[in-house]
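Residue-level listing of the chains:
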There are 2 protein chains.
Amino acid sequence: MSASPSGPGSSRARSWWGWGYADAQPDDAECAALGALLPGTAARPLPLPRVADLAIARPGVTPPPSLEHLVTADPHVRAGHAMGKAYRDVIRALRGRPGRIPDLVARPADDQEVADLLDWAGGHGVAVIPFGGGSSVVGGVEYRGDTHRAVLSLDLTSMNRVLEIDATSRSARIQAGALGPVLEEQLRPHGLTLRHFPQSFEFSTLGGWLATRAGGHYATLHTRIDDFVQSLRVVTPAGAGSSWRLPASGAGPSPDRLFLGSEGALGVITEAWMRLQERPRYKASASVAFADFQQALEAVRALARSDLHPANCRLLDPGEALLSGASSDGSSVLVLGFESATGPVDDHLVSALDMTGAYGGRGGTSSKADRGAQADAAVSAWRSAFLRMPYLRDGLARMGAVVETFETAATWDRIPALIEAVRTEVGAAASKATGNPARVSCRLTHVYPDGAAPYFTVAVAGRPGEEVGSWDDIKAAAGEVLHRHRATITHHHAVGRDHRPGYDLQRPEPFALALRAAKDALDPHHILNPGVLID
Amino acid sequence: MSASPSGPGSSRARSWWGWGYADAQPDDAECAALGALLPGTAARPLPLPRVADLAIARPGVTPPPSLEHLVTADPHVRAGHAMGKAYRDVIRALRGRPGRIPDLVARPADDQEVADLLDWAGGHGVAVIPFGGGSSVVGGVEYRGDTHRAVLSLDLTSMNRVLEIDATSRSARIQAGALGPVLEEQLRPHGLTLRHFPQSFEFSTLGGWLATRAGGHYATLHTRIDDFVQSLRVVTPAGAGSSWRLPASGAGPSPDRLFLGSEGALGVITEAWMRLQERPRYKASASVAFADFQQALEAVRALARSDLHPANCRLLDPGEALLSGASSDGSSVLVLGFESATGPVDDHLVSALDMTGAYGGRGGTSSKADRGAQADAAVSAWRSAFLRMPYLRDGLARMGAVVETFETAATWDRIPALIEAVRTEVGAAASKATGNPARVSCRLTHVYPDGAAPYFTVAVAGRPGEEVGSWDDIKAAAGEVLHRHRATITHHHAVGRDHRPGYDLQRPEPFALALRAAKDALDPHHILNPGVLID
């Protein structure tokens, strides 16, 4: 067993307990400043948790000599693979009660090693948790059961290469363990990009995006990683296989679509042929302010139904606009962006601003960002805040705040009442759970001709030591509102373990039967990510 | 048992053996004229086949009194449900040897009746073949086994209503048995359209489109019915269920995608919420001629990679251009169309013509068809020929020709060699099988940034009485070429029974295991469309 096989990109240390890089986390003074913005939080931050303080047991299982070189029992590595990066995970680490620490962490280098590890685990009752960047916010990479002899975290980040590029078909064969920046670095010399930029871009992998059907860069049209999949390679306990790389096929139900979103429960996605984009040469962006949020919703609905297809079309309600610095006067702000590798998009922006103007959209500070010029101030503020937000969440958590996001999608006919109900009811649940005034704000991250994906932020000062229970109460209230409005339990955060109750209610019974049967066939010993999606 | 429950749209008689309406079929004189174009065909057409000449056995099973009113054993109705409308089906009817005639035809009016029929069939070893418009060209609605006591054709065309319209979310709940014109008639008063116009539009149903993942109106962007599905309702022998209607969801693998393309083997799709379109107010179209087909391919590849998104982008090789009357000088012709409900598309057409011009595209007879004006002559010729083509195929079949189409899709890097290999090798196989000179022509029906869908037409004079065997030889050669080039066995015609050998080779093994398990779980008595997709 090696001491600690290092993963790629490990030159800058990742936090084992919180978001992102350890050196980017807010310091104590910044935490205190954040806490001052939320009434009722603590006077000083919780100390940084230390692996040395955790009671990490010796592994309950020993791998055979043939697999020893792939596996580590190093406590720091194991602690860093125990949970995802939800608020629920962060606060548990801060309170010294993280989830179950895996017995071992494996870093296979190819499909055969993945298959060998699955074989061994299947024969020894070892649960296997596929692990990419570990950025799950739904309990997707954590073992919560008690029926397995041991838990193996299967870290795929050593499989991180772009193996082949087909410039004629603008596509590439990429290993699933490549983190966002790692794969983009390899595509850049070819003038190509996958252009999939979830908020977790730096800390999540292609395989993670595929297994969770991640939401990407594009706010309209191709919003989801699914649309860029040409073919998948999957290793399951029952065997491995690849779909053919095809631009489209009508040969039976799509084989890829069964594994997209399967969250490691049906097999391990090891590589994919992905459709690429050319780098955009033309850009134009603007922000539009609305005094009335309902009017802003109507404007966005009109845009979503048009064929203008903005790449960015994010509507921030007054609370989100304030949080991100996009506005401070109680306006809602629409962040709009167009881009193209084909030709100028200024006309698109003008048409869009005409459209939003008809619904009372003000300003529309157009900024022709062709060939790299800066977008306007509100757009820039939004972008910086977007990437910094998870770090700030962890800073607030250290101040004893309960602060988290969740997201959903619904058809337009339900959107206004849904957003209002979430604001009111989840806010009330947060106040009830903590005894403190709560803030619930909303933005639309992706929009469709037939509906939208609202994304909510909840922030409230917690009761010291009761944060997990409080959050679980708040989340249950959120799930109840979503269910009542027939809004999906998740648009792009996946199901994991945290969304199971909502998912089970939402999933049609015939599909549940089929999924369970597929699970039994592909994972007969039920070792793959137990508790995720199905039991 | 009723004498003959009539289906909707039955005022104009459908041919029981051939394509479309009986009164639209070419008469003997037109058949002879068609035959004259293909050396080696017969001097006069085969006579029209008659149901009275078929030896139709009494049904091998009797339904219980509670289901009697849903079911007919009328010989004409049964004969009309025996097969799809492939050349293989037509020539078998013409030669008096149609496929197995179903024992009974049922026309349920609601989900409960579908469930009752499945219950009864499951308990009595009766195979159930879901039947929409019956336009399958891959043996999708025909029973070929011998392990069932009887065969029931489950005709869904009585379930043909638009049940609900949500104009805010631009979507509608539509019963699966609605034929194209039947559902469009109900949407038109609301200013909406599904805008799904496969070649079979008049003679195929929403449920058929969904179960076979039909290719639609749009040559780029949303090429397939799949993209317009908001939710599905499915009745299976193991129970019924509906997915939630959502613009998008990341909650596990898409439940709808398992049933899209399931070809009646996993359950019966009874209704769907579908995303609708506004009727386009702006159109522009043109045809572009190319002296060199390879250059035309490059031009289309450039267009497909752009963000111009033409609604129509069909490239006809010289043979197809001649067949459809779009050109007669050996040119390839690109039929281009843009449309929008948002704003004028003339600029799009100009940009597209600039692009095709760079690859030697000539003419580009632009025709601003805004607000209903006529498109140019080549475009019109192509449209008329497109709808008339299947009737002409049947006329040629009556003259003893072997004439049929097949289609595929592949990434751009393989397209030129693939098309050349199909032309050469399938042409050689057709000549070998028949002893006559063969014509193989090609068009691209749908194009993607990463590939294209070529569609081939084969025509050769057959050997009288040996047409089925000849076609099977030709089709086997085609399947072999497609497999060697890793081109899909079908882009939008589905798998049915005719494509099973190719499909079995193409389907990844883990998905095969999952699909078989899903089949066992949802259809435990294996009564649903036996032989389709899986055994």
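Look above for the structure.
This is a predicted model, so every value here is computed, not measured. (Residues numbered from 1 in each chain as written. Chains lettered and ligands numbered in written order. Predicted model: local features only at pLDDT ≥ 70, side-chain atom pairs only at ≥ 80, totals over all residues.)

Draft legend 1. The overall build of chain A, seen in detail. Scanning chain A for helices and strands turns up 16 helices and 19 strands. For chain A, the C-alpha radius of gyration of 23 Å lies close to 24 Å, the compact-globule estimate for 535 residues. Dimensions along the principal axes, computed over C-alpha positions, put chain A at roughly 70 × 60 × 45 Å. When contacts within chain A are restricted to residue pairs at least 6 apart in sequence, those whose partners lie at least 24 apart make up 74%. (Helix = DSSP H or I, 4+ residues; strand = E, 2+ residues; numbered from the N terminus. Rg over C-alpha atoms; globule rule 2.2 N^0.38 Å. Contact = placed C-beta atoms within 7 Å.)

Draft legend 2. Representation of the nonpolar core. Leu210(A), Val300(A), Ala518(A), Leu210(B), Val300(B) and Ala518(B) are the most contacted members of the largest nonpolar core, which totals 333 residues. The residues touching Val300(A), leaving out its near neighbours within four places in the chain, are Cys313(A), Leu315(A), Leu334(A), Leu444(A), Val447(A) and Ala452(A). (Core = buried A, V, L, I, M, F, W, Y, C linked by C-beta atoms within 7 Å. Buried ≥ 20, exposed ≤ 12 C-beta atoms within 10 Å, placed from the backbone.)

Draft legend 3. Structural context of the pairing of strand β5 (residues 162-166) of chain A. All names here are of chain A. Looking at chain direction, β5 and strand β6 (residues 171-175) are connected through four bridges and run antiparallel. Bridged to Val-162 within β6 is Ile-174. The hairpin turn running from β5 into β6, its antiparallel successor, is four residues long, and Arg-170 in that turn takes a positive phi close to 45°. (Pairing = 2+ DSSP bridges.)

Draft legend 4. Region of interest: the pairing of strand β9 (residues 239-242) of chain A. Across four bridges, the pairing between strand β8 (residues 229-236) of chain A and β9(A) is antiparallel. Bridge pairing links Arg233(A) to Ser242(A) in β9(A).

Draft legend 5. The relation of the copies chain A and chain B, seen in detail. With an axial shift of 0.0 Å and an RMSD of 0.0 Å, the rotation relating chain A to chain B amounts to 180°. These values place the two chain copies in the arrangement generated by a two-fold rotation axis. The rotation axis passes nearest to the C-alpha of Ala517(A) in chain A, at a distance of 2.6 Å. Looking at chain A, 100% of its interface residues are interface residues in chain B too, so the copies touch through the same face. (Least-squares fit on C-alpha atoms with pLDDT ≥ 70 in both.)

Draft legend 6. Representation of the interface of chain A and chain B in the model. Contact residues are listed per partner, giving 80 residues for chain A and 80 residues for chain B. Per-element tally for the side of chain A that touches chain B: the top contributor is helix α16 (residues 509-522) of chain A, with 10 residues. A per-class count over the side of chain A that touches chain B returns 33 nonpolar, 32 polar and 15 charged. (Nonpolar A, V, L, I, M, F, W, Y, C, P; charged D, E, K, R; others polar.)

Draft legend 7. Representation of helix α12 (residues 415-434) of chain B within the structure. Residue and element names in this part refer to chain B. Helix length check: α12, at 20 residues, gives a terminal C-alpha distance of 28 Å against a target of 28 Å (1.5 Å per residue), a fit within 8%. All of the buried residues along α12 are Ile-415, Leu-418, Ile-419, Val-422, Arg-423, Val-426, Gly-427, Ala-429, Ala-430, Ala-433 and Thr-434. An end-on view of α12 places all buried positions within 165° of arc, on one side of the element. Residues Ala-417 and Thr-424 are exposed on α12 and point more than 90 degrees away from its buried face. Residues of α12 that are buried in the fold lie against α8 (293-305), β16 (401-407), β17 (410-411), β18 (438-448), β19 (451-461) and α13 (467-484). Backbone geometry just after α12 places Gly-435 at a positive phi near 75°. (Expected span 1.5 Å × (residues − 1). Arc of directions from axis to C-beta.)

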